[in-house]
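# Observations on the model geometry
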Amino acid sequence: MPEVTVVDHPLVQHKLTIMRRKETPTGKFRQLLRETSLLLGYEVTRDLPLGTQRIETPLAEMDAPLLEGKKLVFISILRAGNGLLEGMLDLVPSARVGHIGLYRDPRTLIAVEYYFKVPDELADRPIVVVDPMLATANSAVAAVQRVKEAGGRHIKFVCLLAAPEGIAAFHEAHPDVQIVTAAIDERLNEHGYIVPGLGDAGDRLYGTK
Ligand code: PRP
Ligand code: URA
């Protein structure tokens, strides 16, 4: 079973603490999420397939490592996923990008889909689904299900914060999908929010509350 990878790098943990603070303003939050996603992206891409190519440096010929295979796909769960997507694209500018529009019904916490657009030939591509929050996991489970229905097979999920309840539900639904996160928090509250968490990621990112 793929494990949960917690990225405990000091820079990730430092930036996460500043994002958690309730007084951190929107612009700062957005910048920190982008910076953090570079570091999470580094971790989630560490087993991308490498081949070699014969090249010439100014001094000699060598067989040098290069990524091989079909281009990586990032799939962002709208809207807060876009906060992670930006940094991931800084790291892998040639990646393809998909978007899945989902919002949580505030009463039932069920994920409601309003948009779906992903690149073709998903079966042959490494896929990274991104969303800062894994709370009940209803959104992530639904998103990964849709990606699988569209042909995706080699899928990883990256978030900033995960609740233990969300990890359990996600693993039950998608035991083949590795989770990479910056932290696992204590629990969910009665409204399905991660505690201590950082609040509503979309609102913090875009200043909508
Ligand atoms: C947030 C977050 C996740 C979801 C996580 O999105 O970005 O997508 O909640 O919760 P879950 O694990 O319980 O499904 P939200 O529904 O608030 O939509 P938004 O990104 O458009 O603000
Ligand atoms: N979605 C968020 O944005 N924050 C939470 O704590 C839970 C779900």
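Since this is a predicted model, take the numbers as computed values, not measurements. Counting restarts for each chain, with residues numbered from 1 along the sequence as it is written. Chains and ligands are labelled by the order in which they are written, letters from A for the one and numbers from 1 for the other. A pLDDT threshold of at least 70 governs which residues receive local features in this predicted model, and a stricter bar of 80 or more applies before side-chain atom pairs are shown or counted, although totals over entire chains, interfaces and linings include all residues. Values reported for side chains reflect all heavy atoms of the structure, with hydrogen atoms and water molecules removed beforehand.

## Points about the site of ligand 1
Think of it this way: one heavy atom of a residue within 4 Å of a molecule or strand is enough to make that residue near it. Near ligand 1, the surroundings consist of 15 residues, among which Arg-104, Asp-131, Thr-136, Ala-137 and Ser-139 are the closest. Take Arg-79: an N or O atom from its main chain is 3.0 Å from an oxygen atom of ligand 1. Pairs of N or O atoms within 3.5 Å make up the polar contacts considered here, provided that, within protein, one atom can donate a hydrogen while the other can accept it, and that residues adjacent in sequence are counted only when both atoms are side-chain atoms. Asp-131 places a side-chain nitrogen or oxygen 2.4 Å from an oxygen atom of ligand 1. In these tables, accessible area is a Shrake-Rupley quantity obtained with a 1.4 Å probe, and a residue counts as shielded only by the protein chains included in the view. Relative to its free-state accessible area of 510 Å², ligand 1 is covered by the protein chains to the extent of 91%. Working definition: helices are DSSP H or I runs of at least four residues, strands are E runs of at least two. Numbering for both runs from the N terminus. Mapped by element, the contributors of at least two residues to the shell around ligand 1 are strand S5 (96-104), strand S8 (133-134) and helix H4 (138-149). Lys, Arg, Asp and Glu make up the charged group, whereas Ala, Val, Leu, Ile, Met, Phe, Trp, Tyr, Cys and Pro make up the nonpolar group; the residues left over, Gly among them, are polar. Of the residues belonging to the shell around ligand 1, the class tally is seven nonpolar, four polar and four charged.

## Quick look at the sheet that holds strand S12 (residues 183-184)
At least two bridges found by DSSP between two strands are what make those strands a pair. The parallel open sheet is built from three strands, whose spatial order is S8-S10-S12. In this open sheet, the two edge strands, each paired with only one partner strand, are S8 and S12. Sheet topology places strand S10 (residues 161-162) next to S12; two bridges connect them, and they run parallel. Bridge assignment links Ala-162 to a residue of S12, and that residue is Ile-184.

## Remarks on the side chain of Thr-136
Topologically, Thr-136 is positioned in the loop between S8 and H4. Working definition: with a 1.4 Å probe on protein chains only, accessible area under 20% of the residue-type maximum means buried, over 50% means exposed, and in between means partly exposed. Since its relative accessible area comes to 18%, Thr-136 is described here as buried. Among residues more than four places away in sequence, those in contact with Thr-136 are Arg-104, Leu-109, Gly-166, Ala-169 and Leu-188. Contacts were defined at the residue level, with two residues in contact if any of their heavy atoms lie within 4.5 Å.

## Considering the packing of H4 against helix H5 (residues 164-173)
Each packed pair of helices is defined by two parameters, the angle between the axes and the distance between the axes. Helix axes are fitted only over the stretch in contact, all axes being lines through C-alpha atoms; the angle between N-to-C directions runs from 0 to 180 degrees. Contact pair H4 / H5: the axes reach a minimum separation of 9 Å and the direction vectors enclose 20°. As judged from the angle between their axes, H4 and H5 are roughly parallel. Handedness of the H4/H5 crossing: right-handed. When H4 is examined against H5, the residues Ala-140, Val-141 and Val-144 are found in contact with a partner set consisting of Ala-169, Phe-170 and Ala-173. In terms of residue class, the contact of H4 with H5 is built from six nonpolar, no polar and no charged. These descriptions rest on fixed angle ranges, namely under 35 degrees for roughly parallel, over 145 for roughly antiparallel, 65 to 115 for roughly perpendicular, and the rest for oblique. The crossing is said to be left-handed when, going from far helix to near helix, the turn is anticlockwise and less than a right angle, and right-handed when the turn is clockwise.

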